[in-house]
Amino acid sequence: MATYQPLGSQAPWRQLTVEASDWQQADPALLATMLTQLHWIRAFEEAVLDLAAEGLVHGPAHSSVGQEGGAVGSVLALGAGDQINGSHRGHHQFLAKALQHVAPLGLDPRNPLTPAIDEVLHKTLAEIMGLAQGYCRGRGGSMHLRWLEAGALGTNAIVGGGVPLAAGAAWAHRHAGTDRVAVTYFGDGAVNIGSVLETMNLTAAWKTPLCFFIENNRYAVSTTVEESTAEPRLSARGQAFNIPAWQVDGMDPLAVHLAMSEAVAHMRAGNGPTIIEVDVYRFFHQNGPFPGSAFGYRSKEEEAQWRRRDPLDKIAAEMIGRQLITQAEVDALRQRCKDVMKDVSGRLTEATDGGKRRVRADLWPRPDFRDVGLRSDGSELAGLRYQDAADYAGALAERKFVDAVADVLDRRMETDPGVVVLGEDVHRLKGGTNGATRGLKDKYPDRVLGTPISENAFAGLGGGLAMDGRYKPVVEFMYPDFMWVAADQIFNQIGKARHMFGGDIDVPFVLRTKVAMGTGYGSQHSMDPAGVFATAPGWRIVAPSTPYEYIGLMNTALASKDPVLVIEHVDLYASSGEVPDGDLDYAIPFGKARVRRAGSKVTVLTYLSMVSRALKAAEETGVDAEVIDLRTLDRANLDWDTIGASIQKTNNVLIVEQGARGTSYGAMLADEIQRRYFDWLDQPVKRVTGGEASPSISKVLERAAFADTEEVIAGLNDVLADLGERA
């Protein structure tokens, strides 16, 4: 007969409840600051709802009315150097951290306003209204609030999307030798999302000082917690990852403060992440000035019951009971905050002839600010020593492509302690699955991080590291198809961050990946990512075809303050080429293509392993083709000088790439060429690509799915045929 042994988690999981004695022992200055912050946030949110009701907030207004106790109680347990980020419902967290920053000695409910507080209220409201005076210059709005100096890393419109980024900030604090911590706020709707759970696992494994702060307001829009999960006690998630957790009444700011104080002590001691779940309630609907009962998914009785537990009333009652304040003084504080917010709103609006308000026209961002700050201006690259292969006169040595990858990463890690390499198996197997990180773990054990299989978590952690400013992450995706797993972090977060938060945030992030067509790995491991990334704002893309160019382009990528995709190809790893003997510090500029073969009949534009195939096809056919290795592929860095000069000489274009036609890079490139050089073309732009389908496992079907030398030859013949000629 089977026997059973009960098992239990190693992580403590506790509910914290304060008693009357805790209120009696609480620091009066702390309670005064709590009360004042709560009233500022409440008055602010009411002003937002008033503006939203008048149609003066363009986009959503996710108010936090009712949930202020969780934000205020937790933020006041943090230090000035600690950092937070949050979700789409993040006004209260942002304001709590900003108010703490400008009033580090606390707030006086009898004299709550200072010029610095007025500025915080003004700039935050301006941002929510999309105005140029906002913290993100109007680009962030209600859901993207960031003020780095205050420790507010940015709120996030993607549910759970900011959690991995906060892990990057927390890792940076720990690796830098500080005792600072990070807190990531999110709701019950995010707790079952993959990126959140992946990050819980990763931070627990690495003992990263990150607090997962769950605001359980019981509704994800209108869907209840009980409908979403079989375990509605959301802090139970910590048991699966060995993370200690606290469950707290979020309508009691002091209880939240005590729980957060314990969590912070745990993290500062180097013990890893924590979870705090607070039970709170949003008094209004998901968005806008109406209660949830107006939409039928909760009752007026339920709402009234929660309103009787208002955190503003709770702390006021306790302070009055201790004779720290009078009801008249509380009422005066409430009125003062409302009056100030009325004044702040008035500065951003004006009356129309009909008596209604409208946003002041002079406060909108200028339309020509649209693309400003989409990427760095490149000034950080000014000190690089550019050295192209054609101009190099020094001694050369033969080197395998994959060894050049490892060599240049080693050199940059040697000279720059901020470079961090992370990805699956990069620390094992003699340099990962292809040897590209060979020897790095032995030399830099604390900066080569072998990750769990969790692309969302470790890509996002890398993004957080990049935005921290102290580190330059080099993240490896074993195969580019995995970008779809981490698409939120790659495209919504890392690629958009600089522009979304105002245009002046550096994101020095390098993503390495390899094209593996021809290796038999099938549909989910073989794609060329260039076409997808070229459509994504914010990314730079390099595609080196020789060891020499890999070294130079990687050096430029690691000097850049933008996210850079570095595409490799398995066919190139075993190939060899000449590199400078003993020189790993030269660079190759973004935006400079290389003419690999001069010609006058047709311009062949290509990259990666297709460069050698195009050269071979030109030689075999005898076509007078000019073969251009593009090297950099993003829109901002296409070398139109070189491309244009060639087109005006040949009047014919053949774009050559290996991958599937549907995700083709050449589609974007052909469109742009025909717009720029239509009058110079003797025929439409021709393209060589793979088939419509992704490569299959079958060797025969795989070969049929991608382009090779034979297809390039056919493409060249097609160009000549339209000219009435033959090879």
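Cut-offs used in this document
- Residues numbered from 1 in each chain as written.
- Predicted model: local features only at pLDDT ≥ 70, side-chain atom pairs only at ≥ 80, totals over all residues.
- Heavy atoms only, no water.
- UniProt positions renumbered as here; feature names shortened; annotations may be inferred.
- Helix = DSSP H or I, 4+ residues; strand = E, 2+ residues; numbered from the N terminus.
- Rg over C-alpha atoms; globule rule 2.2 N^0.38 Å.
- Buried < 20%, exposed > 50% of the residue type's maximum accessible area, 1.4 Å probe, protein only.
- Contact = heavy atoms within 4.5 Å.
- Areas by Shrake-Rupley, 256 points an atom, 1.4 Å probe, with all protein chains shown as cover.
- Pairing = 2+ DSSP bridges.
- Axes fitted to C-alpha atoms, helices over the stretch in contact; angles between N-to-C directions.
- Left-handed = near helix turned anticlockwise from the far one by under 90°.
- Nonpolar A, V, L, I, M, F, W, Y, C, P; charged D, E, K, R; others polar.
- Core = buried A, V, L, I, M, F, W, Y, C linked by side-chain atoms within 4.5 Å.
- Salt bridge = Lys/Arg side-chain N within 4 Å of Asp/Glu carboxyl O.
- Expected span 1.5 Å × (residues − 1).
- Domains from an automatic or database assignment.
- Phe/Tyr/Trp six-rings, centres within 6.5 Å; stacked < 30°, edge-to-face > 60°.

Identification of the protein chain as 1-deoxy-D-xylulose-5-phosphate synthase from Achromobacter ruhlandii is taken from an unreviewed UniProt entry. What UniProt records for the protein chain under Cofactor (unreviewed entry) is the sentence "thiamine diphosphate". The record in UniProt for the protein chain states the following under Function (unreviewed entry): "E1 component of the 2-oxoglutarate dehydrogenase (OGDH) complex which catalyzes the decarboxylation of 2-oxoglutarate, the first step in the conversion of 2-oxoglutarate to succinyl-CoA and CO(2)."

A. Just the overall build of the protein chain, in detail. Check the secondary structure of the protein chain and you find 26 helices and 24 strands. What you see for the protein chain is a C-alpha radius of gyration of 29 Å, in line with the 27 Å of a compact globule of 727 residues. With the principal axes as the frame, the protein chain shows a C-alpha extent of 95 × 80 × 50 Å. Counting all 727 residues of the protein chain, 60% fall into the buried class. For the protein chain, restricting intrachain contacts to residue pairs at least 6 apart in sequence, the fraction spanning at least 24 positions comes to 78%. Accessible area for the protein chain stands at about 28000 Å²; split by element, carbon and sulfur atoms hold 50% of it.

B. Expanded view of the UniProt feature "domain: Transketolase-like pyrimidine-binding" (unreviewed entry) in the protein chain. Under the present numbering, the feature "domain: Transketolase-like pyrimidine-binding" (unreviewed entry) in UniProt falls on residues 399-575. End C-alpha atoms of residues 399-575 are separated by 8 Å, and the span's content is 38% helix alongside 18% strand.

C. Looking closely at the pairing of strand β16 (residues 510-515). Taken across its six residues, β16 has six buried, putting it largely inside the fold. By the alternation rule, side chains of β16 split into Val510, Arg512 and Lys514 and Leu511, Thr513 and Val515, which are all buried. Bridge analysis of strand β15 (residues 472-477) against β16 gives four bridges, and the strand direction is parallel. For phenylalanine 477, the partnering residue across the bridge sits in β16 and is threonine 513.

D. Layout of the packing of helix α3 (residues 68-75) against helix α4 (residues 91-102). For the pair α3 and α4, interaxial distance at closest approach is 9 Å and the crossing angle is 35°. Once α3 is placed against α4, the crossing between them reads as right-handed. Listed contacts from α4 to Glu68, Ala71, Val72 and Val75 of α3 are His92, Gln93, Ala96, Lys97 and Gln100. Looking at the contact of α3 with α4, its residues break down into four nonpolar, three polar and two charged.

E. Main features of the nonpolar core. Counting 125 residues, the largest nonpolar core has Phe477, Ile490, Trp539, Tyr665 and Ile673 as its most contacted members. Counting residues per element, this core draws most heavily on helix α20 (residues 547-559), at eight residues. Beyond its immediate stretch of four places on either side in the chain, phenylalanine 477 contacts Glu455, Phe458, Ala459, Phe482, Met483, Ala486, Ile490, Leu511, Arg512, Thr513 and Lys514. If you look at the next biggest cluster of nonpolar residues, it comprises 87 residues, including Leu31, Ile41, Val57 and Ala152.

F. View of the pattern of salt bridges. Enumeration over the complete set of coordinates arrives at 51 salt bridges. With a closest N to O distance of 2.8 Å, aspartate 410 and lysine 443 form a salt bridge. In this pair, aspartate 410 is assigned in helix α14 (residues 401-415) and lysine 443 in helix α15 (residues 440-443), connecting sequence segments 33 residues apart. Here aspartate 410 falls in the buried class, since its relative accessible area comes to 18%. Residue classification places lysine 443 among the exposed residues on the basis of a relative accessible area of 51%. Across the pair aspartate 562 and arginine 498 runs a salt bridge, and its minimum N-O distance is 3.2 Å. Within this pair, whereas aspartate 562 is found in the loop between α20 and β18 (564-569), its partner arginine 498 is found in helix α18 (residues 497-500), the two being separated by 64 residues in sequence. The exposure class assigned to aspartate 562 is buried, which follows from its relative accessible area of 0%. Of the residues examined, arginine 498 reaches a relative accessible area of 7% and is grouped as buried.

G. Focus on helix α7 (residues 194-206). For α7, built from 13 residues, the straight-helix expectation of 18 Å at 1.5 Å per residue is met to within 8% by its first-to-last C-alpha distance of 18 Å. What α7 keeps buried is the set Ser195, Val196, Thr199, Met200, Leu202, Thr203, Ala204 and Trp206. Lysine 207 sits one or two residues past α7 and shows a positive phi near 50°.

H. Quick peek at the domain arrangement of the protein chain. What the domain assignment lists for the protein chain is domain 1 (30-360), domain 2 (379-580) and domain 3 (594-723). Taking the mean C-alpha position of each, domain 1 and domain 3 sit 53 Å from one another.

I. Main features of the sheet that holds strand β23 (residues 653-656). Pairing in this open sheet of five strands is mixed, and the strands run β20-β22-β21-β23-β24 from one edge to the other. The open sheet has two edge strands with one neighbour each: β20 (594-597) and β24 (686-688). When strand polarity is set aside, the average angle formed by the axes of neighbouring strands in this sheet is 25°. Pairing of strand β21 (residues 602-606) with β23, which is carried by three bridges, proceeds in the parallel orientation. Bridging across to β23, threonine 603 finds its partner in valine 653. The strands touched by helix α26 (residues 709-722) within the sheet are β21, β22 (625-629), β23 and β24, with β24 carrying the most contacts at an inclination of about 165°.

J. Layout of the packing of aromatic side chains. Under the criterion given, the structure shown has 18 aromatic pairs. Ring centres 5.3 Å apart and planes at 70° place the aromatic pair phenylalanine 94 and tyrosine 135 in the edge-to-face group. In this pair, phenylalanine 94 is assigned in helix α4 and tyrosine 135 in the loop between α5 (115-128) and β3 (152-155), connecting sequence segments 41 residues apart. Accessibility assignment for this pair places phenylalanine 94 and tyrosine 135 in one class, buried. Arranged with centres 6.2 Å apart and planes meeting at 40°, the rings of tryptophan 640 and tyrosine 677 form a pair that is tilted.

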